[in-house]
Amino acid sequence: MNDRVYSEVFEVEGQKWSLVLHPKGHGKGRGEYVSIFLSVANHEARPLNWKVYAKYKLRIRCSSVFPHVEKVARCWFCSSILSRGFSNFMLLSELRDRCYWFLPGDTLIVEVEIMVMSATKNLP
């Protein structure tokens, strides 16, 4: 299993993003959690001193039997902070216990819903 998996790049209101999934965890979550992050995908094309604010919801979709696992975040992204999310998104043991429900056809469905987004162009 890969250390990290990247989604395809997607665009919301001109901002390009991708999801980064660490199936074995990342940082404080390593070895115990699935870690998921939202990442700015076009940071090299952004103007100097750019900032983007996003309120977003990360979600692992489940079957209709179990509720989806989701967490909401509100944060700023900038040239020094390109990815934000959760190193402790979901316990690996919980994912394994519900493997039948979470991994139909050996596929994990991860989603992001960006609810609010605001960008600055140039800050002094």
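This text follows the structure it describes.
Keep in mind the model is a prediction, meaning the values are calculated, not measured.

1. Remarks on unusual backbone geometry
- Despite not being glycine, Glu13 has its phi angle at roughly 50°, a positive value.
- Summarising the element assignment, Glu13 is placed in the loop between β2 (10-12) and β3 (15-22).
- Owing to a relative accessible area of 70%, Glu13 belongs among the exposed residues under this scheme.

2. Remarks on the environment of Trp50
- Mapped onto the fold, Trp50 is located in the loop between β4 (33-40) and β5 (51-60).
- When the C-alpha positions of Trp50 and Thr120 are compared, they lie 5.8 Å apart, and in sequence the two are 70 residues distant.

3. Section: the packing of aromatic side chains
- Across all of its chains, the model carries four aromatic pairs by this definition.
- Residues Trp17 and Phe77 carry aromatic rings whose centres are separated by 5.1 Å and whose planes lie at 75° to one another, so their mutual orientation is edge-to-face. Remark: Phe77 occurs in strand β6 (residues 69-78) and Trp17 occurs in strand β3; sequence separation between them is 60 residues. Each member of the pair Trp17 and Phe77 is classed as buried.
- It is Lys51 that lies over the ring of Trp76; its NZ or CZ is 4.8 Å from the centre.

What counts and what doesn't
- Residues numbered from 1 in each chain as written.
- Predicted model: local features only at pLDDT ≥ 70, side-chain atom pairs only at ≥ 80, totals over all residues.
- Heavy atoms only, no water.
- Helix = DSSP H or I, 4+ residues; strand = E, 2+ residues; numbered from the N terminus.
- Buried < 20%, exposed > 50% of the residue type's maximum accessible area, 1.4 Å probe, protein only.
- Phe/Tyr/Trp six-rings, centres within 6.5 Å; stacked < 30°, edge-to-face > 60°.
- Lys NZ or Arg CZ within 6 Å of the ring centre and 35° of its normal.

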